[in-house]
Amino acid sequence: MTQGAFITFEGIDGCGKSTQLAKAADYLASRGIEYMVTREPGGTAISEKIRDIILSNKNSEMKNSCELLLYLAARAQHVSEKILPALEEGKVVLCDRFHDATLAYQGFGRGYPLDTLNNLNAFAVSGLEPTQTFLFDITVDIAFDRLQKTGSTADRLESNSRAFFQKVREGYLSLASSHSSRITLLPAEKSIEELAQKVQEDISDLIN
Ligand code: TMP
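Residues numbered from 1 in each chain as written. Predicted model: local features only at pLDDT ≥ 70, side-chain atom pairs only at ≥ 80, totals over all residues. Heavy atoms only, no water.

## Brief notes about the packing of helix 2 (residues 45-55) against helix 3 (residues 64-88)
One way to put it is that helix 2 packs onto helix 3 with a least axis distance of 9 Å and a crossing angle of 165°. One way to sum up the angle between helix 2 and helix 3 is to call them roughly antiparallel. Crossing geometry of helix 2 relative to helix 3 is assigned as left-handed. Side by side, helix 2 and helix 3 meet where Ile 46, Ser 47, Ile 50, Ile 53, Ile 54 and Leu 55 of the first sit next to Glu 67, Leu 70, Tyr 71, Ala 73, Ala 74, Gln 77 and His 78 of the second. (Axes fitted to C-alpha atoms, helices over the stretch in contact; angles between N-to-C directions. Helix = DSSP H or I, 4+ residues; strand = E, 2+ residues; numbered from the N terminus. Parallel < 35°, antiparallel > 145°, perpendicular 65-115°, else oblique. Left-handed = near helix turned anticlockwise from the far one by under 90°. Contact = heavy atoms within 4.5 Å.)

As structure tokens, this is what we get:
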């Protein structure tokens, strides 16, 4: 039995979701609510090693099928080792990406059928679904500008073309319309403070 709330943050690279996740964590801390911050791929020692393999530019020969199964392997470990135990302790879990990212990137982006992805994911996560998801939507041009301004080298996923990210963005928007009660769609070109306020309001409704 899971008791806490499982809140995920999604969007294309450069959308600002990680900044918003950190703000949401500050908000929970200020209210004295027990929470855990984590991310995908990653979150446990094993899953962080898998993350390094997936994102390394040295692995340019990686097949899409291998990439997909590595994301799911990292998730299987993460869910059972870290997320489910935290939820069972009643914590609010804030997770940077989850299965919607697989649907958007490997489904809409790489072209894998969503049914196949949902079946594989169901095996990996033992039925766990986010309580609520915040989707930060932004144009691919703005996201690319932001990523360039950070000055850091693009990882293997970030090195994909604008056309790929356009498909991923459209995929996320399609998921938001088909799961409108779970996914809150936020226009990510708004100010950091405005977005943080909206996220706080929704989290407050969820946990009260
Ligand atoms: P991050 O940079 O937001 O931490 O995410 C790492 C990259 O992995 C990002 O480009 C999105 C991608 N990704 C997928 O393609 N599929 C997935 O299932 C997940 C969780 C992430």
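There's plenty left to go through after this.
## Observations concerning the packing of aromatic side chains
Here a ring pair, both rings aromatic, is described through the centre-centre distance and the interplanar angle of the planes. Evaluation of the coordinates by the stated rule reveals eight aromatic pairs. For the pair Phe 6 and Phe 98, a centre-to-centre distance of 4.9 Å together with 90° between the ring planes defines the contact as edge-to-face. Here Phe 6, found in strand 1 (residues 6-10), pairs with Phe 98, found in the loop between strand 3 (92-96) and helix 4 (99-109); they are 92 residues apart in sequence, far enough to count as distant. Given a relative accessible area of 1%, Phe 98 falls into the buried group. Aromatic side chains Phe 9 and Phe 134 sit 5.5 Å apart centroid to centroid with 45° between the ring planes, which places their arrangement in the tilted category. With Phe 9 in strand 1 and Phe 134 in strand 4 (residues 132-137), this residue pair connects regions lying 125 residues apart in the sequence. As far as the burial class goes, Phe 9 and Phe 134 line up, both buried. The structure contains a cluster of three or more aromatic residues connected by ring pairs, namely Tyr 105, Phe 144, Phe 164, Phe 165 and Tyr 172. Sitting over the face of the ring of Phe 98, Arg 75 holds its NZ or CZ atom 5.1 Å from the ring centroid. (Phe/Tyr/Trp six-rings, centres within 6.5 Å; stacked < 30°, edge-to-face > 60°. Buried < 20%, exposed > 50% of the residue type's maximum accessible area, 1.4 Å probe, protein only. Lys NZ or Arg CZ within 6 Å of the ring centre and 35° of its normal.)

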